[in-house]
Amino acid sequence: KEEVAFMTRNPATFALRGAVCFSTDPQHLTCLEDAYLVCQNGLTVGVYPQLPEQFHGIPCEDFNNCLIVPGMNDLHLHAPQYAFHGMYMDLELLEWLNTVTFPEEARYADLNYAEKAYSIFTDDIKHSATTRASIFGTLHVDATELLMDLMEKTGLKTFIGKVNMDRNGSLALQEASAVVSAKDTVRWLEETTGKYENVKPILTPRFTPSCSDELMTRLAEIQRTYRLPVQSHLSENQGEIAWVKELCQGTSFYGEAYDQFGLFGGEQCPTIMAHCVYSSDAELSLMKERGVFIAHCPQSNTNLSSGIAPTRRYIEEGLHIGLGTDIAGGHSLSMLRAIADAIQVSKLRWRLVDDSLKPLSLEEAFYMATMGGGAFFGKVGTFAEGYEFDALILDDSKLRHPQPLTARERLERLIYLSDDSCITGKYISGNKIF
Ligand code: GUN
Ligand code: FE
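Below, the structure is looked at part by part.

A count of helical and extended segments in the protein chain gives 13 helices and 17 strands. Taking 2.2 N^0.38 as the reference for a compact globule, 434 residues should give roughly 22 Å; the C-alpha atoms of the protein chain span a radius of gyration of 21 Å, in line with that estimate. Seen through its principal axes, the protein chain has C-alpha atoms that stretch 65 × 50 × 40 Å. For the protein chain, the residues scored as buried account for 61% of the 434 residues in total. Across the protein chain, the centroid of the 37 positively charged side chains sits 2 Å from that of the 57 negatively charged ones.

Below is the structure:
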């Protein structure tokens, strides 16, 4: 994973002062009411109640009325779908893909449209709570390269994937064959590898129903040649799972449909699987063995009536788990919203589905948004020594209150009450984004 912590850092030494909150593990949030957060060479040195003597004289920016927290890592979203976020929400997954999503994504064959749409997306995500993300493009090479160019300029650190889909798409949105899909993927990689400081390619077979066995075989070869990470969808919806069972007669669970090609985690193949709402015991145990990251997407799972993932179980079993907005299954780009949604759906699951799995705490959901997802990007997601200096300045002064509040109370309130307009500053690897 160190290998993917690739990107340029700010060489300066400086401090930020404010109320600082960060996770140390899934159950614990450390909150300091007034502290100094020191950055050196783009990495966190430490958090101190008083600035240590050796740092006297370094530049220090005082955010005395603000909270400072680690940046948020969005493990799963679709950039092309941002154009229709908040629309067409009354469908389940497979119908939603066919009637809304595929026609919308087909528009990105037109670079003029892509430029308009992706300019809006990149501007909004730049100013959101997200510092790092793993993003789906479309199957179009040129539009995906345009997205990468635009994301590079935001300073956010992202993985971006040209989508592969050679079956069960539509006339307007499907690659002509496995050979064409693989060829386009290689062209995309040749044109982008090494071109960016902030953006890296990630192999993106859309999901099993979209990719023939021949395509998966070719993609696995490309994965090994270019040593790429992988992102896809897994066990999101009951109809989808039944379909995969039909398509892949030789497999005993959905995850095997990726694993049989070597596209399911392991040392040489860091992998994010979105959703995992209905993963079986066997699927989970293979994910644990392979170190596959789960992108939990509570808002999408609610909008598409997919279900509620047993996140408590995933945390207890020590699986890698982070949060995803899954734009535009999810309607909000805000990772603050994703934290609140993860907590809320876990409460409904506890009350209505399975009272043996206690709901998530604020600590656990905050951990998932920061450290849990951050681990996919290297040492990311907290303010421990040696971690990438990714920080958000959160201004809660517009949320009025009559009583004194602790930093933890302010953080919880911000997560529930604020949109991303409270984010007044952002640092990534020590670089000031705004
Ligand atoms: N499965 C395959 N494609 C998609 C997609 O675009 N969104 C979601 N939520 N699930 C998918
Ligand atoms: Fe998705």
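Moving on, we come to the pairing of strand β2 (residues 28-40). Judged from the 11 bridges that link them, strand β1 (residues 13-25) and β2 form a sheet pairing that is antiparallel. By the bridge assignment, Phe14 is partnered in β2 with Cys39. Between β1 and β2, which pair antiparallel in sequence order, lie two residues. As defined by bridge partners, β2 adjoins strand β3 (residues 43-48) across five bridges and the pair is classed as antiparallel. When the sheet's bridge partners are listed, Val38 is paired in β3 with Gly46. Where β2 folds back on β3, the antiparallel hairpin that results is connected by two residues, among which Asn41 adopts a positive phi of roughly 55 degrees.

So, about the side chain of Thr370. Relative to the helices and strands, Thr370 resides in helix α12 (residues 362-374). Beyond its immediate chain neighbours, meaning those up to four positions away, Thr370 contacts Ser23, Pro70, Gly71, Met72, Asn73, Val380 and Gly381.

This paragraph deals with the packing of aromatic side chains. Scanning the entire structure with this criterion turns up 17 aromatic pairs. Ring plane angle 85 degrees and centroid distance 6.1 Å describe the contact between Phe389 and Tyr427, whose orientation is recorded as edge-to-face. Taken together, the residues span a long stretch of sequence, with Phe389 in the loop between α12 and β15 (391-395) and Tyr427 in strand β16 (residues 423-428) at a distance of 38 residues. An identical accessibility class is assigned to Phe389 and Tyr427; each is buried. Following the ring pairs from residue to residue traces out a cluster consisting of Phe14, Phe22, Phe383, Phe389 and Tyr427. Of note, Arg351 hangs over the ring of Trp350, and the distance from its end group to the ring centre comes to 4.5 Å.

It is worth spelling out the side chain of Ser429 at this point. If you trace the backbone, Ser429 turns up in the loop between β16 and β17 (431-432). Each residue touching Ser429, except ones within four places of it in the same chain, is listed here: Thr8, Arg9, Asn10, Gly42, Arg132, Lys157, Glu388, Phe389 and Asp390.

To continue, consider the coordination of the iron ion (ligand 2). Note on the iron ion (ligand 2): its protein donors are His76 (NE2), His78 (NE2), His233 (NE2) and Asp326 (OD). The metal-donor distances range over 2.0 to 2.3 Å. Geometry at the iron ion (ligand 2) is irregular, judged from its four donor atoms and the angles of 87 to 173 degrees they form at the metal. All donors to the iron ion (ligand 2) come from one chain, and their sequence spacing reads H-x1-H-x154-H-x92-D. With His78 in strand β5 (residues 72-78) and Asp326 in the loop between β14 (320-323) and α11 (335-352), this residue pair connects regions lying 248 residues apart in the sequence. Given a relative accessible area of 3%, His78 falls into the buried group.

Here the focus is the site of ligand 1. Around ligand 1 sit 13 residues, and of these His78, Gln81, Arg206, Glu236 and Asp326 come closest. At a separation of 2.7 Å, an oxygen atom of ligand 1 approaches a polar side-chain atom of Arg206. A distance of 3.4 Å separates a nitrogen atom of ligand 1 from a polar side-chain atom of His233. Contact with the protein chains removes 100% of the 280 Å² of surface that ligand 1 exposes when unbound. With three residues, the single largest contributor to the shell around ligand 1 is helix α1 (residues 93-106). Looking at side-chain class alone, the shell around ligand 1 contains five nonpolar, five polar and three charged residues.

Moving on, we come to the nonpolar core. The biggest cluster of nonpolar side chains holds 107 residues, and the ones touching the most others in it are Met72, Phe121 and Met287. Apart from the residues within four sequence positions on either side, Phe121 is in contact with Leu77, Ala79, Tyr82, Ile135, Leu147, Met151 and Leu333. In terms of nonpolar packing, the next biggest core, distinct from the first, is built from 17 residues, Phe14, Phe22, Val47 and Cys66 among them.

So, about the pairing of β5. The buried fraction of β5 amounts to seven of the seven residues, a majority that puts the element mostly inside the structure. The pairing of β5 with strand β6 (residues 130-136) spans five bridges and is classified as parallel. Bridge pairing links Leu77 to Ile135 in β6.

We now examine unusual backbone geometry. A cis amide bond, omega 5 degrees, links Ile327 with the succeeding residue Ala328. Along the chain, Ala328 falls in the loop between β14 and α11. For Asn168, which is not glycine, the phi dihedral falls at a positive 55 degrees. Structurally, Asn168 can be placed in the loop between β8 (163-164) and α4 (178-192). You can call Asn168 partly exposed: its relative accessible area is 33%. Positive phi is not limited to glycine here, since Ser429 has a value of about 50 degrees. Looking at Ser429, the relative accessible area reads 1%, which means it is buried.

It is worth spelling out the sheet that holds strand β4 (residues 60-70) at this point. Strand order in the open sheet formed by seven strands is β3-β2-β1-β4-β15-β16-β17, with mixed pairing between adjacent strands. Because the sheet does not close on itself, it has two edges, and the strands there are β3 and β17. For β15 and β16, the ladder comprises four bridges, and the chain directions are antiparallel. Directly across from Ile393, in β16, lies its bridge partner Gly425. The sheet contacts of helix α13 (residues 407-417) involve β1, β2, β4 and β15, and relative to β4 the element is tilted by about 65 degrees.

The rules behind each value
- Residues numbered from 1 in each chain as written.
- Chains lettered and ligands numbered in written order.
- Predicted model: local features only at pLDDT ≥ 70, side-chain atom pairs only at ≥ 80, totals over all residues.
- Heavy atoms only, no water.
- Helix = DSSP H or I, 4+ residues; strand = E, 2+ residues; numbered from the N terminus.
- Rg over C-alpha atoms; globule rule 2.2 N^0.38 Å.
- Buried < 20%, exposed > 50% of the residue type's maximum accessible area, 1.4 Å probe, protein only.
- Lys, Arg positive; Asp, Glu negative; His and termini not counted.
- Charge placed at Lys NZ, Arg CZ, Asp CG, Glu CD.
- Pairing = 2+ DSSP bridges.
- Contact = heavy atoms within 4.5 Å.
- Phe/Tyr/Trp six-rings, centres within 6.5 Å; stacked < 30°, edge-to-face > 60°.
- Lys NZ or Arg CZ within 6 Å of the ring centre and 35° of its normal.
- Donors = N, O, S within 2.8 Å, 3.2 Å for Na, K, Ca; no water.
- Tetrahedral: all angles 85-135°; square planar, octahedral: opposite > 155°, others 65-115°.
- Near = heavy atom within 4 Å.
- Polar contact = N/O pair within 3.5 Å; in protein donor to acceptor, adjacent residues only side chain to side chain.
- Areas by Shrake-Rupley, 256 points an atom, 1.4 Å probe, with all protein chains shown as cover.
- Nonpolar A, V, L, I, M, F, W, Y, C, P; charged D, E, K, R; others polar.
- Core = buried A, V, L, I, M, F, W, Y, C linked by side-chain atoms within 4.5 Å.
- Axes fitted to C-alpha atoms, helices over the stretch in contact; angles between N-to-C directions.

Geometric values such as these leave the question of function open.
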